[in-house]
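# Remarks on the overall topology
Next come the chains, spelled out residue by residue.
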Amino acid sequence: MEASTPPFKIILGSSSKSRREILAEMGYEFTIMTADIDEKCIRKEKPEELVIALAEAKADAIISKLQTVSNQEKNDEQSILIAADTAEAILQRLPIGDYVKDAEPTLLVTCDQVVVYEGVVREKPSSKEEARQFMKDYSEGHAATVGSVLVTNLKTGFRKGEWDRVEIYFHKIPDESIEKLIEEGTVLNVAGGLIIEHPLIVPFVKQVVGTTDSVMGLPKALTEKLIKEAL
């Protein structure tokens, strides 16, 4: 996007370093809030439904936090919530205190993502052993990421979101590279233990059908699209 300052503010509802980097690359300045929800309590049969439900839960949790800051009346300022993970829905109008009183609307961006391997949803590895097995499975194989972006207009109650899927194919990943990644620890904190931008993995990525930013947790094109539709 253009370097000019947008007529709204953004809160990123994620502690993910890669999402922070992507949003900054898009030209936005932002602050950060986290949802702090128990993601394991939310289960859906399909990965697309799961990431959407998780985005909605994150959005709702952050709205709750904003409501506790101030119970003052809504005013005429427009605010928008963007959460990375959700499909269309309608919410009741919700006051968000000081964010509503600002002269510019505030956008909240939150995200969620899972990895799908042989039809099974994979979230963050629960241990080093599980992370190791995940990566061994990907070696000379194929996996997919499913992530979503949710946008909620906190004044009108309009909410819309969509999901994005990327297919990733790998060459053989040497055991030495897998062990180095586990030792470093990054793979323990990402869905499915899957990272394609890491220098230890890049040489072994055969093909990416989709965008790297989506694999990293925040699809740029989808995020921009939903912002525009909500505004």
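Up top is the structure.
I will try to describe carefully the structure that is included in this document. Values in this document were obtained by computation on a predicted structure and should not be read as measured data.

## Things to note about the pattern of salt bridges
The final tally for this structure, using the stated rule, is 15 salt bridges. Here K160 ties to E229 by a salt bridge, and the two come within 2.7 Å at their closest N and O atoms. In this pair, K160 is assigned in strand 8 (residues 158–170) and E229 in helix 7 (residues 220–230), connecting sequence segments 69 residues apart. With a relative accessible area of 16%, K160 lands in the buried category. E229 gets classed as partly exposed once you look at its relative accessible area, which sits at 36%.

## Some words on the side chain of E167
Along the chain, the position of E167 falls in strand 8. Dropping the residues within four chain positions of it, E167 is found in contact with H142, A143, A144, Q207, V208 and V209.

## Re the packing of aromatic side chains
Within the structure shown, the criterion is met by three aromatic pairs. Aromatic pair F8 and Y28: ring centres 6.0 Å apart, planes at 45 degrees, arrangement tilted. Remark: Y28 occurs in the loop between helix 1 (17–25) and strand 2 (31–32) and F8 occurs in the segment before strand 1 (9–12); sequence separation between them is 20 residues. Between Y117 and Y138 the ring centres are 5.9 Å apart and the planes differ by 75 degrees, which places this aromatic pair in the edge-to-face class. On the criterion of sequence distance, the pair formed by Y117 in strand 5 (residues 106–117) and Y138 in helix 4 (residues 128–138) is long-range, its members being 21 residues apart. Y138 shares its class with Y117; the two are buried.

## Quick look at the packing of helix 4 against helix 5 (residues 175–184)
A pair of packed helices can be characterised by two numbers: the angle between their axes and the separation between those axes. Where helix 4 meets helix 5, the closest approach of the two axes is 10 Å, and the angle between their N-to-C directions is 145 degrees. The hand of the helix 4/helix 5 crossing is right-handed. Contact residues: helix 4 offers K128, A131, R132, M135 and K136, while helix 5 offers D175, I178, E179, L181 and I182. Split by residue class, the contact of helix 4 with helix 5 holds five nonpolar, no polar and five charged.

## Comments concerning the pairing of strand 1
Inspection of the sheet shows strand 1 paired to strand 5 by four bridges, in the parallel sense. By the bridge assignment, K9 is partnered in strand 5 with T106. In the sheet, strand 1 pairs with strand 2 via two bridges, with the strands oriented parallel. Pairing of I11 across the sheet is with T31, part of strand 2. Crossover connection from strand 1 via helix 1 to parallel strand 2: handedness right-handed.

## Remarks on the layout of surface pockets
By volume, the largest pocket is sized at about 960 Å³. If you go around the largest pocket, you meet 34 residues; those closest to its centre are S16, R19, K124, N189 and V190. Elements represented by at least two residues in the lining of the largest pocket include exactly helix 1, helix 2 (47–69) and strand 5. Its residues placed into classes, the lining of the largest pocket shows twelve nonpolar, eleven polar and eleven charged.

What counts and what doesn't
Residues numbered from 1 in each chain as written. Predicted model: local features only at pLDDT ≥ 70, side-chain atom pairs only at ≥ 80, totals over all residues. Heavy atoms only, no water. Salt bridge = Lys/Arg side-chain N within 4 Å of Asp/Glu carboxyl O. Helix = DSSP H or I, 4+ residues; strand = E, 2+ residues; numbered from the N terminus. Buried < 20%, exposed > 50% of the residue type's maximum accessible area, 1.4 Å probe, protein only. Contact = heavy atoms within 4.5 Å. Phe/Tyr/Trp six-rings, centres within 6.5 Å; stacked < 30°, edge-to-face > 60°. Axes fitted to C-alpha atoms, helices over the stretch in contact; angles between N-to-C directions. Left-handed = near helix turned anticlockwise from the far one by under 90°. Nonpolar A, V, L, I, M, F, W, Y, C, P; charged D, E, K, R; others polar. Pairing = 2+ DSSP bridges. Right-handed = clockwise from strand over helix to strand, strands pointing away. 1 Å grid on protein atoms, 1.4 Å probe; cavity = no way out; pocket = protein on both sides within 12 Å on 5 of 7 lines; lining within 4 Å. Points joined across faces, edges and corners; volume = space filled by probe spheres on them.

In short, shape yes, function no, at least from these values alone.
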